[in-house]
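# Report on the structure
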Amino acid sequence: MALAPTPPAALGVGPNGRFPVLPRPDLQWTPEVEAATAHLYERVSRVIPPVEWPFFAPYVKAINDIKKTRNAVILAHNYMTPEIYHCVSDYIGDSLQLAKLAAKSEADVIVQGGVYFMAETSKILNPDKVVLIPDADAGCSLAASITGADVRALRAKYPGVPIVAYVNTSAEVKAEVDICCTSSNAVKVVESLGVDRVIMVPDRFLAQNVAAQTKVKIIAWEGACEVHERFTAEEIQNYKADHPGLKVIAHPECPREVVEVSDFSGSTAAMIDYVRTKHPARVLLVTECSMADNIAAETVGTQFIRPCNFCPHMKRITLPKILDSLLYIREEVTVDPAIAERARRSVQRMIDLG
């Protein structure tokens, strides 16, 4: 875990002028910290060794205490590490779930446990709230693969064809499209437009997997997720051969041939629901590696076979950085009001589909 940055030399008002800087808490492992966090360690004891907990626990306690002072909530994507996901988050879920929760939040401060485009989405839906991303460099290969100018060029090339943007895009891109989608509702969004062809940006594999489920012609952009594009059908078939009875659950950002040799494909929320309801004896999650840890922490009787394609962007979010973001109101996310207004329409249109 990364060390916390040096605190301000003197306490005062945070960078945005709305909140005071808070004194840094003591982060020692003490009997009091152990007692206060024991119930939280029970949640993660299957995936975090006892030797590691004395390092995490002081941060967990401090963050949970400061959230009350700040009237803050932490939104944690399913790819967050277990000590964040299970021990300090207030809301967990995939990008669609977090978008909806961000729109309903009554907190003054929202801390986004995820990557930058998610924090932008929270800000778009909550323009009057302070939205923090604990590390502003927590990016996304998909979001980086397309710009607003690219979308405008697509409109010129395909006049009249609606454009659907995966939520893994910047606010600038969301402002240029007709509607957003997530991996869990992409088919529904595409078919809601009532046309015979649409443009989908930026994930070519999600577009291919949607095209296999609808009669609507999909024109795809050429972006890809650096985690999911590395999986191969041969790799999945080898795992199946080595582990008889293995159930393989793939994310729709995986290549089409990977999805075709899997037993189920769905969003991170759908993948979690599959494990919880089907109770497979052995399962392989074809997605970012923290997902298996987070489900395994609360699942008894299922063996997780764990290929681990690591997302370096998600892993930039750590307990020390979350603590600093709350103490000093650092890394506040802002979106130009004109862009935010247009982006909000495309996000809200998606949410209104239900």
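To be clear, the structure that these remarks concern was listed above.
Not measured: the values here are computed from a predicted model.

Calculation rules
Residues numbered from 1 in each chain as written. Predicted model: local features only at pLDDT ≥ 70, side-chain atom pairs only at ≥ 80, totals over all residues. Heavy atoms only, no water. Buried < 20%, exposed > 50% of the residue type's maximum accessible area, 1.4 Å probe, protein only. Helix = DSSP H or I, 4+ residues; strand = E, 2+ residues; numbered from the N terminus. Polar contact = N/O pair within 3.5 Å; in protein donor to acceptor, adjacent residues only side chain to side chain. Contact = heavy atoms within 4.5 Å. Disulfide = S-S within 2.5 Å. Axes fitted to C-alpha atoms, helices over the stretch in contact; angles between N-to-C directions. Parallel < 35°, antiparallel > 145°, perpendicular 65-115°, else oblique. Left-handed = near helix turned anticlockwise from the far one by under 90°. Nonpolar A, V, L, I, M, F, W, Y, C, P; charged D, E, K, R; others polar. Pairing = 2+ DSSP bridges. Right-handed = clockwise from strand over helix to strand, strands pointing away.

A cis geometry characterises the amide bond from Val 201 onward to Pro 202, with omega recorded as -5°. Of note, His 279 is a non-glycine position whose phi angle comes to about 50°, a positive value. Exposure remark for His 279: the relative accessible area of 56% places this residue in the exposed category. Even without a glycine there, the phi angle at Glu 331 is positive, about 60°. On the secondary structure map, Glu 331 appears in the loop between helix H14 (319-328) and helix H15 (337-352). Look at Glu 331 and you get partly exposed, because its relative accessible area is 39%.

Here Thr 268 lies in helix H12 (residues 268-278). Overall, Thr 268 belongs to the buried group, its relative accessible area being 2%. One polar contact links Thr 268 to Asn 78, side chain to side chain, over a distance of 2.8 Å. Once you skip the residues sitting within four places of it in the chain, Thr 268 turns out to touch His 77, Asn 78, Tyr 79, Asp 94, His 251 and Met 291.

Moving on: the state of the cysteines. Here a disulfide denotes one covalent bond, and it connects the sulfur atoms of two cysteines. Under the criterion given, the structure shown has 0 disulfides. Cys 140 supplies the cysteine sulfur nearest to Cys 225, a cysteine that is in no disulfide, at a spacing of 6.5 Å.

Attention now goes to the packing of helix H2 (residues 53-70) against H14. At their nearest, the axes of H2 and H14 sit 10 Å apart, and the two run at 25° to each other. Put simply, H2 runs roughly parallel to H14. The crossing of H2 and H14 is left-handed. When H2 is examined against H14, the residues Phe 56, Tyr 59, Val 60, Ala 62, Ile 63, Ile 66, Lys 67 and Arg 70 are found in contact with a partner set consisting of Leu 319, Pro 320, Ile 322, Leu 323, Leu 326, Leu 327 and Tyr 328. Grouping the constituent residues of the contact of H2 with H14 by class yields 13 nonpolar, no polar and 2 charged.

The next thing to look at is the environment of Ile 48. By the element assignment, Ile 48 lies in the loop between helix H1 (31-44) and H2. Owing to a relative accessible area of 3%, Ile 48 belongs among the buried residues under this scheme. Along the backbone, Ile 48 and Pro 202 are 154 residues apart, and their C-alpha atoms lie at a distance of 35 Å. Apart from the residues lying within four places of it in its own chain, the contact partners of Ile 48 are Tyr 41, Trp 53, Phe 56, Pro 82 and Glu 83.

Within strand S11 (residues 282-286), 4 of the 5 residues are buried, which leaves the element mostly enclosed by the surrounding structure. Two elements, strand S9 (residues 247-250) and S11, share 4 bridges in a ladder whose sense is parallel. For Ala 250, the partnering residue across the bridge sits in S11 and is Val 286. Both S11 and strand S12 (residues 303-305) contribute to a ladder of 3 bridges, which runs parallel. Residue pairing across strands places Arg 282 opposite Gln 303, the latter belonging to S12. Since S11 and S12 lie parallel, the crossover through helix H13 (residues 290-296) that links them has a hand, and here it is right-handed.

A few words now on the pairing of strand S7 (residues 197-201). Counting buried positions along S7 yields 4 of 5 residues, so the element is predominantly enclosed. Looking at chain direction, strand S5 (residues 163-166) and S7 are connected through 3 bridges and run parallel. Along S7, the bridge assignment pairs Ile 163 with Ile 199. Bridge count between S7 and strand S8 (residues 217-220): 4 bridges; the pairing is parallel. Bridged to Val 198 within S8 is Ile 218. Since S7 and S8 lie parallel, the crossover through helix H9 (residues 204-211) that links them has a hand, and here it is right-handed.

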